[in-house]
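# Structural overview
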Amino acid sequence: MPATDLSLLVDAAQRAGQIATQFTGPEAKRWDKPDGAGPVTEADLAVNTMLEDMLPSARANYGWLSEESEDSDARLSCDSVFIIDPIDGTRSFAEGGQTWAHSLAVADKGEVTAAVIYLPQRELLYCAAKGMGATCNGAPIHVADLADLDQASVLAARPNLDGRHWRSGAAPTFKRSLRPSLAYRMAQVADGHFDAMLTLRPSWEWDIAAGDLILREAGGICSNRTGEPLKFNNPKPLLNGVVAANNALHEAMISALDPTGSGISAR
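All values derive from a computational prediction rather than experimental measurement.

Basis of the calculations
Residues numbered from 1 in each chain as written. Predicted model: local features only at pLDDT ≥ 70, side-chain atom pairs only at ≥ 80, totals over all residues. Heavy atoms only, no water. Salt bridge = Lys/Arg side-chain N within 4 Å of Asp/Glu carboxyl O. Helix = DSSP H or I, 4+ residues; strand = E, 2+ residues; numbered from the N terminus. Buried < 20%, exposed > 50% of the residue type's maximum accessible area, 1.4 Å probe, protein only. Pairing = 2+ DSSP bridges. Axes fitted to C-alpha atoms, helices over the stretch in contact; angles between N-to-C directions. Arc of directions from axis to C-beta. Contact = heavy atoms within 4.5 Å. Polar contact = N/O pair within 3.5 Å; in protein donor to acceptor, adjacent residues only side chain to side chain.

In a structure, side chains of opposite charge can pair up when their charged atoms sit close to one another. Across all of its chains, the model carries nine salt bridges by this definition. The salt bridge involving Asp-5 is made with Arg-59; its shortest N-O contact spans 2.8 Å. Taken together, the residues Asp-5 in helix α1 (residues 2-20) and Arg-59 in the loop between α2 (42-58) and β3 (63-66) connect sequence positions 54 residues apart. In this structure Arg-59 comes out as buried when scored by relative accessible area, which is 14%. Asp-212 serves as the salt-bridge partner of Arg-216, at 3.1 Å between the closest nitrogen and oxygen. In this pair, Arg-216 and Asp-212 are both assigned in helix α5 (residues 205-217), four residues apart and thus about one turn of the helix distant. The structure contains a network of salt bridges with shared partners spanning Glu-111, Lys-130, Asp-212 and Arg-216.

If you want it as structure tokens, here you go:
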């Protein structure tokens, strides 16, 4: 069923883009969530409302997990679950930027099997279904093949370079860049624009579920910060960071990282 789920997610993502682009980022109503959970705008909620109406109606037996919906233990009894970030990169959206994405995924028994990352203002539609490869705007994509970590281009926030995260006490000398959306970071590794990405703090499932499958179907490896495969639809939907790259670079990064690092300040 991954192919039919993917078709549904593509339709939903395109509708989400139509809604979100009706708002003009800086003028959209914005407020901060409780407990330092970050900003949310009226566009996030409008997209979420549409998706929560459309997707469960099409798959009545699927659970639901979204950044902008109240969580429920009901999803834990479902084999399949939608994992949704209505707008990933809300700060970019609210500032009038273009580097925000709709991130939609279906996980089956903990493994993502269909995924879409859509950046409507950049006209980029990344898709994957289990066993069917990954595409961007319909064209196949593949991770880069660079094997030297010191020469790699890595998407990571600056706190990830703190020496406490690395066995040697210092980060490798890779070239660091950043994108505000975690989903877009993962997509840009999947399409070979960057060699790797990492985030070392606990990461919400909705930020990374779609990117996990797209990366793996593009020939990459995606794990938590200690090298363990990512499993989704957990009671607390929070994972122990993300490390993603081709096989050789992934192995190099996991070997270089200190698994005892706290990662609290990294993003």
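After presenting the structure, the write-up continues.
For the rest of this paragraph, the subject is the sheet that holds strand β11 (residues 175-177). Taking strand neighbours across the sheet as the criterion, the five strands line up as β11-β10-β12-β16-β14 in an open arrangement whose pairing is mixed. The strands lining the two open edges of the sheet, one partner per strand, are β11 and β14 (221-223). On average, adjacent strands in this sheet sit at an angle of 20 degrees to one another, irrespective of strand direction. Judged from the three bridges that link them, β14 and strand β16 (residues 242-245) form a sheet pairing that is antiparallel.

So, about helix α6 (residues 247-256). Those residues of α6 that sit buried are Leu-249, His-250, Met-253 and Ile-254. For α6, the angular spread of the buried residues around the axis is 130 degrees, confining them to a single face. Structural note: α6 exposes Asn-247 and Glu-251 on the side pointing more than 90 degrees away from its buried face. Where α6 is buried, its residues touch β12 (196-199), β14 and β16. The opening residue of α6 is Asn-246, an N-cap whose side-chain oxygen sits 3.1 Å from the backbone nitrogen of Ala-248.

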